[in-house]
Every structure is written in structure tokens, then in C-alpha cells.
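# Coordinates in review
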Amino acid sequence: MTGREGIVDAHHHVWDLSVRDQDWITGDELAPLRRNFTLADLEPEARAAGVRATVLVQTVTVPEETPEFLALAHGSDLVAGVVGWCDLTTPDVADTLAALRELPGGDRLVGIRHQVQGEPDPDWLLRPDVRRGLRAVADAGLVYDLVVRAPQLPATVRAATLLPELTFVLDHAGKPPVATGALRPWADDLRALAARPNTVCKLSGLVTEADVRSWTVSDLRPYTDTVLDAFGPDRLMFGSDWPVCRLAVTYQEVVDTARTLIGDLGEDERVRVLATTAERVYGL
């Protein structure tokens, strides 16, 4: 694939509530998400926005979801990669990863993710059993997606330092406090993570960290500028975070917003953010 042929959306989800509840969708603010969102819903929106390939990312910590996602990817000419879930703390995690690779669509498995943002232990990533699991992810040639809140960033820095053989991909820029306008300590912790050469960041999820009713591009720009300065286009990739982004924008609008925010970059740099960084990091 060549990035000039279209956008790679490095982060989106799907779910079917008749198959499995999404227990994180609670409260009035998230009520618009309490319905099914399928690849059939995504594809026309993505194609219309110039997207030619996507990465489907896990939503819940159950073992059944990843084989389902791999099967979806196997039957799709849009989904080029899957970031799945498995229990990193089990002694047989390497065998689990190998078994996933043997399933239909197993060749689309590109990474693993866990909802670290929901773990009460701020140092969960540093636990010996978790670190053993992360080494198995690296040994399998996969990357590890980090879904963390801003206060958890210091632990990600230590994890990336302890595991230089593993590529860590930071989802949603570490969820900065866009709604409040505060930059620190998030910016300092983000730069510390970016100083580790085995880290990459996603330009994703910022519209829903802002006030979804009144956000502007100007609200996002200080955070995007920080991310660009810290990681650079070679380690930054676009993700729509569809359908969560729909709380604030349409699919087309989230693509247009990303284009605006990286508009001062050169053409080759924009192509890296919008496509080729994701292709390289995920091996699409």
C-alpha cells in the first residue's frame, strides 16, 4: 500500500449489542452510542471520506471478541488490521496469541490492547505478570496499544523503558484534559513518553475529550501541536475513534478536522500522519 492512495484510519470500533453488551456505555452523555455500529455502517462513511484501510480496535475485555473481529477482518477489504485483547497476566499468553494467529483472519492481528484506563492500580503496566505478557506480545511481533488516562502516563514511560523491544502505541494522545484547557502535567508526561524511541501516538479521540457541544479546532490545536512536536509525523497516526467520535462530529468532520490540524505540515509529512505511519507500525 502507498499512503498517497488514501487515508488509513488507525483506530475505530464496532459492536453489536445483541451479541454482547458494552457495559461502558452508561449515562445520558453516552446514550447516542447505545445501539449497534457495524462495518456496514462504517464502510460508506469511511469510503466517502477517502479512507481505504482501517484498524479495528477492541472494546471489551472478553476473549470471544478478538476472534469475532478477526473473522470480520477476514471478510472485509476495508479492515486491514485488528488490535485485539487477551489476558496478559496468564502464563500461557504466548500460546493464546499463537492460537489467534491460526484463526480465520489471524493474519490481520496486529496488536493487543487492555483497558488500563479502568485499572485501579496506577502501576498496572509494571506488574511482573503484566510485563511477562507484554514480552510475549513483543515476541509475537505485535504492538501494544495503550489506552490510559493522563495521570497514568508516567507508568507508561517506565513500561516503555523496561520493554524496549515492544512498540507502544498511545491511543487518543493519552486523553489530555482538552475541556479544561490545561496542558500540564499532561504535556510533560507525553514528552517523556515520546522520548522513548519505541513509542508512537494516535491523533485520535481529542474531539470527545473537549466539550462535545461547543468545541472548536482552536481548542484542539495546543494539544495537537504538542503531540506533533513530541512525536513528529513519523510516529503519529490518524484515527477516527468512530463511532465514539459521533458524540461530537461525523466521520467526515473528524477527517476534515485532522486535515486542518496538520495543515501546516508538508505534503509528505501529512501522508505519514494520515497513512504511512500506521502502515509501517502495524505492518499493514
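Since we're looking at a predicted model, the values are computed, not measured. (Residues numbered from 1 in each chain as written. Predicted model: local features only at pLDDT ≥ 70, side-chain atom pairs only at ≥ 80, totals over all residues. Heavy atoms only, no water.)

## A short note on the overall build of the chain
Scanning the chain for helices and strands turns up nine helices and eight strands. Taking 19 Å as the expected radius of gyration for a compact globule of 284 residues, we find that the chain reaches 17 Å, a close match to that expectation. Its C-alpha atoms put the chain at 45 × 40 × 40 Å along the principal axes. Relative to its full complement of 284 residues, the chain shows a buried share of 54%. Pairs at least 24 residues apart make up 82% of the contacts formed inside the chain by residues separated by at least 6 positions. As presented, the chain carries roughly 11,600 Å² of accessible surface, and 51% of it is formed by carbon and sulfur atoms. The positive charge centre, built from 28 side chains, and the negative charge centre, built from 43, are 4 Å apart in the chain. (Helix = DSSP H or I, 4+ residues; strand = E, 2+ residues; numbered from the N terminus. Rg over C-alpha atoms; globule rule 2.2 N^0.38 Å. Buried < 20%, exposed > 50% of the residue type's maximum accessible area, 1.4 Å probe, protein only. Contact = heavy atoms within 4.5 Å. Areas by Shrake-Rupley, 256 points an atom, 1.4 Å probe, with all protein chains shown as cover. Lys, Arg positive; Asp, Glu negative; His and termini not counted. Charge placed at Lys NZ, Arg CZ, Asp CG, Glu CD.)

## As for the pattern of salt bridges
Between side chains of opposite charge, a pair can form when the charged atoms approach closely. In total, this model carries 15 salt bridges according to the counting rule given. Here arginine 20 ties to glutamate 68 by a salt bridge, and the two come within 2.8 Å at their closest N and O atoms. Of this pair, arginine 20 sits in the loop between β1 (7–12) and α1 (39–48) while glutamate 68 sits in helix α2 (residues 65–74); the two residues are 48 residues apart in sequence, bridging distant segments of the chain. The network of salt bridges with shared partners includes Arg113, Asp145, Asp171 and Lys202. (Salt bridge = Lys/Arg side-chain N within 4 Å of Asp/Glu carboxyl O.)

## Some points on the side chain of glutamate 65
Locating glutamate 65 in the fold gives a position in helix α2. We note that glutamate 65 is buried and unpaired, the nearest opposite charge coming from arginine 20 at a distance of 4.9 Å. Dropping the residues within four chain positions of it, glutamate 65 is found in contact with Arg20, Gln58, Thr59 and Val60.

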